[in-house]
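Examination of the molecular architecture
Residues per chain, in single letters:
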Amino acid sequence: MRSGAAVELIALSKVYGRSVAVDRINLKIPAGSYCCFLGPSGCGKTSTLRMIAGHEEISSGDLLIGDGVVNDVPPARRGTAMMFQNYALFPHLDCVDNVAFSLKMRGVPRAERRERARAMLDTVHMGAYAGRLPSQLSGGQQQRVALARALITEPGVLLLDEPLSALDPFLRDRMREELKRLQTDLGITFIHVTHSQSEAMALADLVVVMNDGRIEQAASPRELFNAPRTAFVARFIGGHNVLTHERLGPVALRTDRIVLSQAAGGAPDDARQDAMHVEGTVNAFEYHGSSVQLSLAVPGADEFTVVMDEARFFADPLSVGARVRASWRDGDLHRLQA
């Protein structure tokens, strides 16, 4: 298996007629890393992936894979492989022949390609199903076969277009772990397009948040959550309220940094001089493991969310319609780009 290759995008653009899908983006993806492109539908993430694969022509800019510019290099010679959203397995071929198909196209002898295909099926824990047709496999099993078919060409970069979107939530979590294991074990550069924040945060070394054809922020999952650059990133990643501070301008306030108390008639939980307060009404709440997420109606804010410990919630129950006081320290605010 070849080692992972670095990928660099230099002022890369994709234009369809008068519509700009990708607008002069710059990005460096280190070799052997797991990169996730994240964003809403129509943000340009799939167009970017397809330009890297060579399935879309680059309108302007340069694309480097390894040390070379590959703008005009055919997909088969880029050292990349792509796993499609619908898996695209041949229904009349068993798992071995599906995985070995690209080797067949390269003229590899039958015995050799089938041996390599069986070894790759073992790698993705599908060796026991080698003789089955795709119709005899579950969705997760089909995904593993499609993954083996992409990996057998020994790519330096594996491109994945929303590979988990068709799976149920339980299987999606299992396959997410499997993808990360394979990427770590094989050392290949993975570039994965998704619209799922939890998927990107769990898998990626580098998360690239796109919006309207541009990169809003590219950072590690921890940095992205703790220090969102823009209001769009703060809202899209979740876990933040976006407010306007009279001195700092637009700021992000993490939902788990807020303390709730009675709206009137009692001392606030955080009565220090540097604390800030706002009163609101509980709109809704939902459970998240050991915590509870509350939605508040607060003057001047479209959305205001608080996360509190489940034990605290039940000790001091809050019903829909309750008036509460939300408090936080000035130091908990993270300044955003205007």
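What you see is a predicted model, and the numbers here were worked out from it, not measured in a lab. (Residues numbered from 1 in each chain as written. Predicted model: local features only at pLDDT ≥ 70, side-chain atom pairs only at ≥ 80, totals over all residues. Heavy atoms only, no water.)

Comments concerning the sheet that holds strand E13 (residues 259-262)
- Pairing within the open sheet is antiparallel, and its 5 strands lie in the order E13-E17-E14-E15-E16. Only two strands of the sheet have a single neighbouring strand rather than two, namely E13 and strand E16 (304-309). Between one strand axis and the next, the sheet turns through 50° on average, direction left out of account. (Pairing = 2+ DSSP bridges. Helix = DSSP H or I, 4+ residues; strand = E, 2+ residues; numbered from the N terminus. Axes fitted to C-alpha atoms, helices over the stretch in contact; angles between N-to-C directions.)

Focus on the sheet that holds strand E18 (residues 333-335)
- Strand order in the open sheet made by the 3 strands is E11-E12-E18, with antiparallel pairing throughout. Each of the sheet's edge strands pairs with one partner strand only, and the pair in question is strand E11 (240-245) and E18. The sheet shows a mean angle of 35° between the axes of neighbouring strands, direction not considered.

A look at the domain arrangement of the protein chain
- For the protein chain, the assigned domains are domain 1 (7-231) and domain 2 (241-335).
- On a C-alpha basis, the centroid separation for the pair domain 1 and domain 2 is 40 Å.
- The interface is formed by 5 residues belonging to domain 1 together with 4 residues belonging to domain 2.
- At the junction of domain 1 and domain 2, the tally comes to 0 salt bridges.
- Joining domain 1 to domain 2, the criterion identifies 2 residue pairs in polar contact (both at pLDDT 80 or more). (Domains from an automatic or database assignment. Contact = heavy atoms within 4.5 Å. Salt bridge = Lys/Arg side-chain N within 4 Å of Asp/Glu carboxyl O. Polar contact = N/O pair within 3.5 Å; in protein donor to acceptor, adjacent residues only side chain to side chain.)

As for a nonpolar patch on the surface
- A contiguous nonpolar patch, built from Phe-285, Tyr-287, Phe-314 and Val-320 and spanning about 410 Å² of accessible area, is present on the exposed surface.
- Here Phe-314 is to be found in helix H9 (residues 310-315). (Patch = residues over 30% accessible without salt bridge, like charges linked within 9 Å, V, L, I, M, F, W, Y side chains within 5 Å. Areas by Shrake-Rupley, 256 points an atom, 1.4 Å probe, with all protein chains shown as cover.)

Quick look at helix H3 (residues 110-123)
- An ideal rise of 1.5 Å per residue puts 20 Å on 14 residues; H3 measures up with 20 Å between its terminal C-alpha atoms.
- Along H3, the positions that sit buried rather than exposed are Arg-113, Arg-114, Ala-117, Met-120 and Leu-121. The buried residues of H3 occupy an angular sector of 125° when projected down its axis, which confines them to one face. Pointing more than 90 degrees away from the buried face of H3 are the exposed residues Ala-111, Glu-115 and Asp-122.
- Contacts made by the buried residues of H3 are with helix H2 (95-105) and helix H4 (139-151).
- Just downstream of H3, His-125 is the residue with a positive phi angle, here 60°. (Expected span 1.5 Å × (residues − 1). Buried < 20%, exposed > 50% of the residue type's maximum accessible area, 1.4 Å probe, protein only. Arc of directions from axis to C-beta.)

Topic: the pattern of salt bridges
- Counted under the stated rule, the structure contains 17 salt bridges.
- Arg-176 is the partner of Asp-173 in a salt bridge, and the nearest nitrogen-oxygen pair spans 3.4 Å. Separated by 3 residues within a single helix, Asp-173 and Arg-176 lie in helix H5 (residues 169-186), roughly one turn from each other.
- When salt bridges with common partners are traced through the structure, they connect Arg-144, Glu-178, Arg-181 and Asp-185 into a single cluster.

Comments concerning unusual backbone geometry
- In the Ramachandran plot, Ala-11 falls in the positive-phi region, its phi being about 45° despite a non-glycine side chain.
- Along the chain, Ala-11 turns up in strand E1 (residues 7-16).
- For Ala-11, a relative accessible area of 31% corresponds to the partly exposed category.
- The backbone of Asp-212 sits at a positive phi, close to 55°, despite the residue not being glycine.

Some remarks on the side chain of Ser-327
- By the secondary structure assignment, Ser-327 is in strand E17 (residues 323-329).
- Of note is the side chain of Ser-327, whose polar atom sits 2.7 Å from the side chain of His-277.

Regarding the packing of aromatic side chains
- A complete count under the given rule lists 9 aromatic pairs for this structure.
- With centroids separated by 5.2 Å and ring planes inclined at 50°, the aromatic side chains of Tyr-34 and Phe-190 adopt a geometry described as tilted. Of this pair, Tyr-34 sits in strand E3 (residues 34-38) while Phe-190 sits in strand E8 (residues 189-194); the two residues are 156 residues apart in sequence, bridging distant segments of the chain. You'll find Tyr-34 and Phe-190 in the same group, each marked buried.
- Measuring from ring centre to ring centre gives 6.1 Å for Tyr-287 and Phe-314, while their planes differ by 10°; the resulting arrangement is stacked. One end of the pair, Tyr-287, is in strand E14 (residues 275-288); the other, Phe-314, is in helix H9, and 27 residues separate them in sequence.
- Within the aromatic cluster, the residues linked to one another by ring pairs are Phe-285, Tyr-287, Phe-313 and Phe-314.
- Sitting above the plane of the Tyr-16 ring, Lys-14 keeps its charged end 5.0 Å from the centroid. (Phe/Tyr/Trp six-rings, centres within 6.5 Å; stacked < 30°, edge-to-face > 60°. Lys NZ or Arg CZ within 6 Å of the ring centre and 35° of its normal.)

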